[in-house]
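Given next are the chains, with one letter for each unit.
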Amino acid sequence: MIPSVSAPPGAAPRTRGAGSTLLLASARTLFLLLAVSVMVFAATELLPGDAAQLRAVPGAEQAELDRLREELGLDAPAWLRYATWATALATGDLGTSLVNGRPVADALLQRLPATLTLVGGALLVAAPAMLALGWWAGAARGGGAPTAVLTGGAALPSAVVASGLAALLSGALDLVPPVSLLPPGRPPTSSPELLVLPVLSLALPTALFGAGLLSGAVADALRRPHVADSRRRGNPAWRIAAVDVLPFLLAPLTRVLAVSAGGLVAAATVVETLFGYPGLGSLLVASLASRDLPVVQATAVLAAAIVLAGLLLADTVAAVVEPRGART
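What you see is a predicted model; the values in this text were computed from it and never measured. For every chain, the first residue of the written sequence is number 1, and numbering continues from 1 onward in sequence order. With the structure being a predicted model, the display of local features is reserved for residues of pLDDT at least 70 and the display and counting of side-chain atom pairs for 80 or more, all residues being used for whole-chain, interface and lining totals. The basis for the side-chain values is all heavy atoms of the structure; hydrogens and waters are excluded.

### Topic: the overall build of the protein chain
Part 1 of the reasoning: The helix count covers DSSP runs of H or I at least four residues long, the strand count covers runs of E at least two residues long, and both are numbered beginning at the N terminus. Secondary structure assignment for the protein chain yields 13 helices and 0 strands.
Part 2 of the reasoning: From first element to last, N terminus to C terminus, the protein chain shows the α and β order α-α-α-α-α-α-α-α-α-α-α-α-α.
Part 3 of the reasoning: Considering the protein chain as a whole, with its 328 residues, one finds that 40% of them fall into the buried category. The buried label applies to any residue whose accessible area, calculated with a 1.4 Å probe on protein chains only, is under 20% of its type's maximum; exposed applies above 50%, and partly exposed to all values in between.

Have a look at this one:
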């Protein structure tokens, strides 16, 4: 049972049940995950070459290539391979690597903690920064200069941000190592200095991007009648922000963080490769190079599942705490 939460001052009562909202959101999540699986499989089918060609000795005969494709299960029609893969995926079976024969789940579980640490650290840095910057841009009259700063900063590629931070923090100031090679068998948190560059490289563009999305919600909330009334009553700025405005930002902030989490998983591919960080991103790059399609497909679907799970969480938060007046 979802507890009821009173709406902030000036908000109209909700008329749509939270249960129906969550049911629709869950159905949409499952449909989108199915669509993503189709697109991921189709995209990997378009890659040039396959694992059989990469595993075969140079100059191998066609018969040898055909034998390898049959051995790897690559000789079946694409639709049949998708059906087999999707059915196994629905039961939790991620398949077997075409390169080393190990279960794909083992490879993902080995790399997942490192990537989650990286993404979690980036979100911890980005969340307060995007809220503060979004407030700055949303509260600015006209918003031209703040919006331009946020848009320009968010447009910088991750590789440019990472290179600039490495040149400054590692090259010029010599504060942190230039690479993030973790000691074997040790968790990422055991060497926090190795996380500084990849975390900041992910967090800064994310904060700017999220602030740009939040600025509109901040501007709308600040223009609401109950906020103006609170100012007229002489309430301090901190109370107006915490009581009158923040409840209207919880759902948008959660949605932005959900989208950002998925974007961070995708951006981690570049950042992990640049800094030699052993996470899912570097695993994806290596698997693409070797055409290890089960690993590529499972990694891509996992990243999409993180995004969709975050959006479902955001919808849950919206159904519980978002006042109807915040949606109109």
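From this point, the discussion proceeds with the structure in view.
### Things to note about the pattern of salt bridges
Part 1 of the reasoning: Just to be clear on terms, a salt bridge is a Lys or Arg side-chain nitrogen sitting within 4 Å of an Asp or Glu carboxyl oxygen. Tallied over the full model, the rule gives 4 salt bridges.
Part 2 of the reasoning: The closest approach of N and O atoms between Asp229 and Arg233, which form a salt bridge, is 2.1 Å.
Part 3 of the reasoning: Exposure remark for Arg233: the relative accessible area of 53% places this residue in the exposed category.
Part 4 of the reasoning: Bridged by salt links that share partners, the residues Asp229, Arg232 and Arg233 form one connected network.

### Brief notes about unusual backbone geometry
Part 1 of the reasoning: The phi angle at Asp174 is positive, at roughly 55°, despite the residue not being glycine.
Part 2 of the reasoning: Mapped onto the elements, Asp174 comes out in the loop between α7 (158-172) and α8 (196-222).
Part 3 of the reasoning: For Asp174, a relative accessible area of 62% translates into the label exposed.
Part 4 of the reasoning: Despite not being glycine, Arg291 shows a phi value in the positive range, around 55°.
Part 5 of the reasoning: You can see Arg291 is positioned in the loop between α12 (280-290) and α13 (293-321).

### Side note on the confidence of the model for the protein chain
Part 1 of the reasoning: Scored by pLDDT, the protein chain has a mean of 80; 87% of the residues are at 70 or more.
Part 2 of the reasoning: The element-level mean pLDDT for the protein chain is lowest in helix α2 (residues 51-55), coming to 68, with α8 highest at 90.
Part 3 of the reasoning: Per residue, pLDDT measures the predictor's confidence, with a range of 0 to 100. The criterion used for residue contact is that any of the two residues' heavy atoms lie within 4.5 Å. For the stretch residues 1-15, pLDDT sits under 50, and the model shows 28 contacts to residues farther than four places along the chain or on other chains.

### Digging into the packing of aromatic side chains
How two aromatic rings sit relative to each other is given by the distance of their centres and the angle of their planes.
Part 1 of the reasoning: In this scheme Phe, Tyr and Trp rings, the latter by its six-membered ring, pair at centre separations within 6.5 Å, and the angle between planes marks the pair as stacked below 30 degrees, edge-to-face above 60, and tilted otherwise. Scanning the model with the defined rule gives 3 aromatic pairs in all.
Part 2 of the reasoning: An aromatic cluster is built from Phe41, Tyr82 and Trp85, whose rings are joined through pairwise contacts.

### Topic: the nonpolar core
Part 1 of the reasoning: What we call a nonpolar core is a set of buried Ala, Val, Leu, Ile, Met, Phe, Trp, Tyr and Cys residues that are connected through their side-chain atoms within 4.5 Å. Counting 34 residues, the largest nonpolar core has Met130, Leu197, Leu202, Phe275 and Tyr277 as the members making the most contacts within it.
Part 2 of the reasoning: Put simply, the parts of the chain that give this core at least two residues each are α5 (104-139), α7, α8 and α11 (250-275).
Part 3 of the reasoning: Looking at this core element by element, the count peaks at 8 residues for α11.
Part 4 of the reasoning: Formed by 9 residues, the second largest nonpolar core is a distinct cluster that contains Val227, Ile240, Phe248 and Leu249.

### Here's the deal with the packing of α8 against α11
Part 1 of the reasoning: In the contact formed by α8 and α11, the axes pass within 9 Å of each other and the chain directions differ by 150°. Classified by the angle their axes make, α8 and α11 are roughly antiparallel. Once α8 is placed against α11, the crossing between them reads as right-handed. Every residue of α11 that contacts α8 at Leu197, Pro198, Ser201, Leu202, Thr206, Gly210, Leu213, Leu214 and Ala217 is listed here: Pro252, Leu253, Val256, Ser260, Leu264, Ala267, Ala268, Val271 and Phe275.
Part 2 of the reasoning: Only Asp, Glu, Lys and Arg are considered charged, only Ala, Val, Leu, Ile, Met, Phe, Trp, Tyr, Cys and Pro nonpolar, and every remaining residue, Gly among them, polar. The class makeup of the residues in the contact of α8 with α11 is 14 nonpolar, 4 polar and no charged. What counts as an axis is a line fitted to C-alpha atoms, over the stretch in contact for a helix, and the angles between N-to-C directions run from 0 to 180 degrees. Reported orientations rely on four angle classes, namely roughly parallel under 35 degrees, roughly antiparallel over 145, roughly perpendicular from 65 to 115, and oblique for the rest. Here a crossing is taken to be left-handed if its near helix is turned anticlockwise relative to the far helix by less than a right angle, and right-handed if that turn runs clockwise.

### Concerning the side chain of Ser97
Part 1 of the reasoning: Mapped onto the secondary structure, Ser97 falls in the loop between α4 (78-90) and α5.
Part 2 of the reasoning: Identification of polar contacts relies on pairs of N or O atoms within 3.5 Å, with a donor-acceptor requirement for protein atoms, meaning one able to donate a hydrogen and the other able to accept it, and with residues adjacent in sequence counted only if both atoms are side-chain atoms. Within polar-contact distance, the side chain of Ser97 engages the side chain of Asn100 at 3.1 Å.
Part 3 of the reasoning: When near neighbours in sequence (up to four residues on either side) are disregarded, Ser97 contacts Arg102, Val104, Asp292 and Val295.

### Examining α4
Part 1 of the reasoning: For a helix, the expected span equals 1.5 Å multiplied by the residue count minus one. Across its 13 residues, α4 extends 18 Å between first and last C-alpha, which sits within 8% of the 18 Å expected from 1.5 Å per residue.
Part 2 of the reasoning: Inspection of α4 places Arg81, Tyr82 and Trp85 among the buried residues, and these make up the whole buried set. Relative to the axis of α4, the buried residues are bounded by an arc of 100° and lie together on one face. Seen from the open side of α4, the exposed residues pointing more than 90 degrees away from its buried face are Trp79, Thr84, Thr87 and Ala90.
Part 3 of the reasoning: One or two steps after α4, the chain reaches Gly92, where phi turns positive at roughly 95°. Within this analysis, the arc is defined by the directions that extend from the helix axis to the C-beta atoms.

### Description of the environment of Gly276
Part 1 of the reasoning: Position of Gly276 relative to the elements: it lies in the loop between α11 and α12.
Part 2 of the reasoning: When the C-alpha positions of Gly276 and Val179 are compared, they lie 6.1 Å apart, and in sequence the two are 97 residues distant.
Part 3 of the reasoning: Discounting chain neighbours no more than four positions away, the residues touching Gly276 are Ser180 and Leu181.

### Brief notes about the packing of α5 against α12
Part 1 of the reasoning: Viewed as axis vectors pointing N to C, α5 and α12 meet at an angle of 135°, and their least axial separation amounts to 8 Å. With respect to α12, the axis of α5 lies oblique. In this structure, α5 uses Ala107, Leu108, Arg111, Leu112 and Thr115 to contact α12, whose residues at the interface are Leu280, Gly281, Ser282 and Leu283.
Part 2 of the reasoning: For the contact of α5 with α12, a count of residues per class yields 5 nonpolar, 3 polar and 1 charged.

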